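Each chain is listed here by its residues.
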Amino acid sequence: MSTLVIHSLDQIDDAAKEFLKATDHTPVIAFSGELGAGKTTFIQALCRTLGVITEVNSPTFSLINEYFTSENESIFHFDLYRIEDPGELFDLGYEEYFFSGNRCFIEWPEKASHLIPVDALIATIAVADDGSREIQF
């Protein structure tokens, strides 16, 4: 298991680069952590690092956003916080996204843990007492 520590937002892009280097061949990454831990903020940094050319926002109400990099590669961003029944993912055709081979970042994977691919990387973001973020993966 690896750990990244982010002491301030000034370090988030460097942490995103280091995280992507360490997880380069893992297309599906699930981010767990308490509300306000920084899951969306870190995913925004990952997308910036990957060259996403549009604004990255949490898909809290739409459940999924698709972003495109400058090389026209798709990145899928799921936020499962508001799902009441994991079956809602079937309505979205989640398998087409999770098993597409494209990068797929998932917030709140515990809401549908049995649907997350077994080879997905689980990254846990925790807030330390000093306000820094620790990402374990």
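Residues numbered from 1 in each chain as written. Predicted model: local features only at pLDDT ≥ 70, side-chain atom pairs only at ≥ 80, totals over all residues. Heavy atoms only, no water.

K.L.:
Help me get a handle on helix H2 (residues 39-49), residues and values and all.
P.N.:
Because an α-helix completes one turn every 3.6 residues, residues spaced three or four positions apart along the sequence face the same direction. Restricting attention to buried positions, one finds in H2 the residues Lys39, Thr40, Phe42, Ile43, Ala45, Leu46 and Cys47. Of the residues trailing H2, Gly51 is marked for its positive phi of about 90°. (Buried < 20%, exposed > 50% of the residue type's maximum accessible area, 1.4 Å probe, protein only. Helix = DSSP H or I, 4+ residues; strand = E, 2+ residues; numbered from the N terminus.)

K.L.:
With reference to specific residues and values, describe the nonpolar core.
P.N.:
Counting 25 residues, the largest nonpolar core has Phe19, Phe31, Phe42, Leu46, Cys47, Phe105 and Ile135 as the members making the most contacts within it. Secondary structure elements with two or more residues in this core: strand S1 (3-6), helix H1 (12-22), strand S2 (28-32), H2 and strand S6 (121-127). Counting residues in hydrophobic clusters, the runner-up holds 18 residues, among them Ile83, Leu89, Phe98 and Leu115. (Core = buried A, V, L, I, M, F, W, Y, C linked by side-chain atoms within 4.5 Å.)

K.L.:
I'd like a rundown of the environment of Glu88, residues and numbers included.
P.N.:
Relative to the helices and strands, Glu88 resides in helix H3 (residues 88-92). By relative accessible area, which is 28% here, Glu88 ends up partly exposed. Taking the C-alpha atoms as reference points, Glu88 and Leu63, separated by 25 residues in sequence, lie 9.4 Å from one another. Other than its neighbours up to four places away in sequence, Glu88 contacts Leu63 and Ile83. In this structure the side chain of Glu88 is engaged in a polar contact, spanning 2.8 Å, whose partner is the backbone nitrogen of Glu84. (Contact = heavy atoms within 4.5 Å. Polar contact = N/O pair within 3.5 Å; in protein donor to acceptor, adjacent residues only side chain to side chain.)

Worth remembering: the numbers are spatial, not functional.
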